[in-house]
Amino acid sequence: MSILSADALRQLFDEARTHNLFTAEPVPDHLLRQLYELMKWGPTSANCSPARIVFVKSPQAKARLAPCMSEGNRAKTLQAPVNAIIGMDMAFYDKLPELFPHNQAARSWFEGKPDLIATTALRNSSLQGGYFILAARAVGLDCGPMSGFDADAVNAAFFAGTSVKVNFICNLGHGDPAGLFPRSPRLSFEQACGIV
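Caption draft 1: Representation of the packing of aromatic side chains. Under the defined criterion, the tally for this structure stands at four aromatic pairs. Residues Phe92 and Tyr93 carry aromatic rings whose centres are separated by 5.7 Å and whose planes lie at 85° to one another, so their mutual orientation is edge-to-face. Taken as a pair, Phe92 and Tyr93 share a single burial class, namely buried. Put simply, the rings of Phe92, Tyr93 and Phe110 touch in pairs and so form one group of aromatic residues. The aromatic ring of Phe158 is capped on one face by Arg64, whose charged end is 4.3 Å from the ring centroid.

Caption draft 2: Fine view of the sheet that holds strand β4 (residues 164-173). The strand order across the open sheet formed by four strands is β1-β2-β4-β3, and the pairing between neighbours is antiparallel. Each of the sheet's edge strands pairs with one partner strand only, and the pair in question is β1 (51-56) and β3 (142-146). Strand-to-strand twist across the sheet, computed as the mean angle between neighbouring axes with direction ignored, equals 25°. Sheet topology places β1 next to strand β2 (residues 82-89); six bridges connect them, and they run antiparallel. Bridging from a neighbouring strand, Phe55 pairs with Ala84 of β2. Running at roughly 165° to β1, helix α2 (residues 29-39) makes contact with β1, β2 and β4 of the sheet.

Caption draft 3: The arrangement of helix α7 (residues 151-158) in detail. Within the span of α7, buried status applies to Val154, Asn155 and Phe158. Relative to the axis of α7, the buried residues are bounded by an arc of 100° and lie together on one face. For α7, the exposed residues lying more than 90 degrees away from the buried face are Asp152 and Ala156. On its buried side, α7 packs onto β1, α3 (59-65), β2 and β4. You can read the cap of α7 off the contacts: a side-chain oxygen lies 3.1 Å from the backbone nitrogen of Asp152, and it is on Asp150.

Caption draft 4: Structural detail: the packing of α2 against helix α6 (residues 114-138). The geometry of α2 relative to α6 is characterised by a closest axis approach of 8 Å and an angle of 130° between their N-to-C directions. By the angle between their axes, α2 is oblique relative to α6. As α2 packs across α6, the resulting crossing turns out to be right-handed. Taken together, the residues of α6 that come into contact with α2 (itself represented by Leu35, Leu38 and Met39) are Gln128, Tyr131, Phe132, Ala135, Ala136 and Ala138.

Caption draft 5: Broad picture of the nonpolar core. Leu35, Phe132, Leu141, Cys170 and Leu172 are the most contacted members of the largest nonpolar core, which has 19 residues in total. Counting residues per element, the ones that place at least two in this core are α2, β2, α6 and β4. A per-element tally of this core places α6 first, with five residues. If near-sequence neighbours (up to four positions away) are discounted, Phe132 is found in contact with Leu35, Met39, Ile53, Phe55, Ala84, Ile86, Cys170 and Leu172. Counting residues in each nonpolar core, the second largest holds 14 residues, with Cys68, Phe149, Phe158 and Ile169 among its members.

Caption draft 6: How the structure looks around the packing of helix α1 (residues 6-14) against α6. One way to put it is that α1 packs onto α6 with a least axis distance of 9 Å and a crossing angle of 135°. Compared by their axis directions, α1 and α6 come out oblique. The hand of the α1/α6 crossing is right-handed. Packed against α1, whose contacting residues are Gln11, Leu12 and Phe13, the element α6 presents Leu134, Arg137 and Ala138 at the interface. Tallied by class, residues from the contact of α1 with α6 come to four nonpolar, one polar and one charged.

Caption draft 7: Just the environment of Gly175, in detail. Relative to the assigned elements, Gly175 resides in the loop between β4 and α8 (189-192). You can call Gly175 buried: its relative accessible area is 16%. Sequence spacing of Gly175 and Cys143 is 32 residues, and the spatial spacing of their C-alpha atoms is 7.7 Å. Every residue in contact with Gly175, bar those within four places of it in the chain, is listed here: His19, Leu21, Phe22, Thr23 and Asp142.

Each value, and the rule that gives it
Residues numbered from 1 in each chain as written. Predicted model: local features only at pLDDT ≥ 70, side-chain atom pairs only at ≥ 80, totals over all residues. Heavy atoms only, no water. Phe/Tyr/Trp six-rings, centres within 6.5 Å; stacked < 30°, edge-to-face > 60°. Buried < 20%, exposed > 50% of the residue type's maximum accessible area, 1.4 Å probe, protein only. Lys NZ or Arg CZ within 6 Å of the ring centre and 35° of its normal. Pairing = 2+ DSSP bridges. Helix = DSSP H or I, 4+ residues; strand = E, 2+ residues; numbered from the N terminus. Axes fitted to C-alpha atoms, helices over the stretch in contact; angles between N-to-C directions. Contact = heavy atoms within 4.5 Å. Arc of directions from axis to C-beta. Polar contact = N/O pair within 3.5 Å; in protein donor to acceptor, adjacent residues only side chain to side chain. Parallel < 35°, antiparallel > 145°, perpendicular 65-115°, else oblique. Left-handed = near helix turned anticlockwise from the far one by under 90°. Core = buried A, V, L, I, M, F, W, Y, C linked by side-chain atoms within 4.5 Å. Nonpolar A, V, L, I, M, F, W, Y, C, P; charged D, E, K, R; others polar.

This is the structure:
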């Protein structure tokens, strides 16, 4: 496997930013499909793949989501062309016979173990959320991930009657640089890493 080009690395990491404001350019559904088709290949434990995504685009759906958002996130949620609700299926293990076919006992690893289910769902849907952001950037979209929302309200508005719960929400579209904050620093390798 070879390293990506400098242009690709800039698009995914070096020059990518968290966007708070988006242009009016629409995001077509085929691009959302392409995004998912890329992100789904990222690894999860036992290929459990618990992430479930609702792409909020219509004015009616946005009107359901907006009251769930914290005051500081409401306007930018309404302004973004798409809001992706990244959920986690708390019954993900029901899909393991399909997703992890070489071990048909995998479902039993989780059944009746709520703490393990919750930990696995959160960890792996969060991993998939990271893949989601990279896939969005790879198809030319900008992202604004957020955690400022009322989870119970989001669950009631979008996941009622299902086994899915919200993990986080990510605005999508073509970012407007006018809404960017100065780039915040990051920890150095020496501050964050060790080699033993």
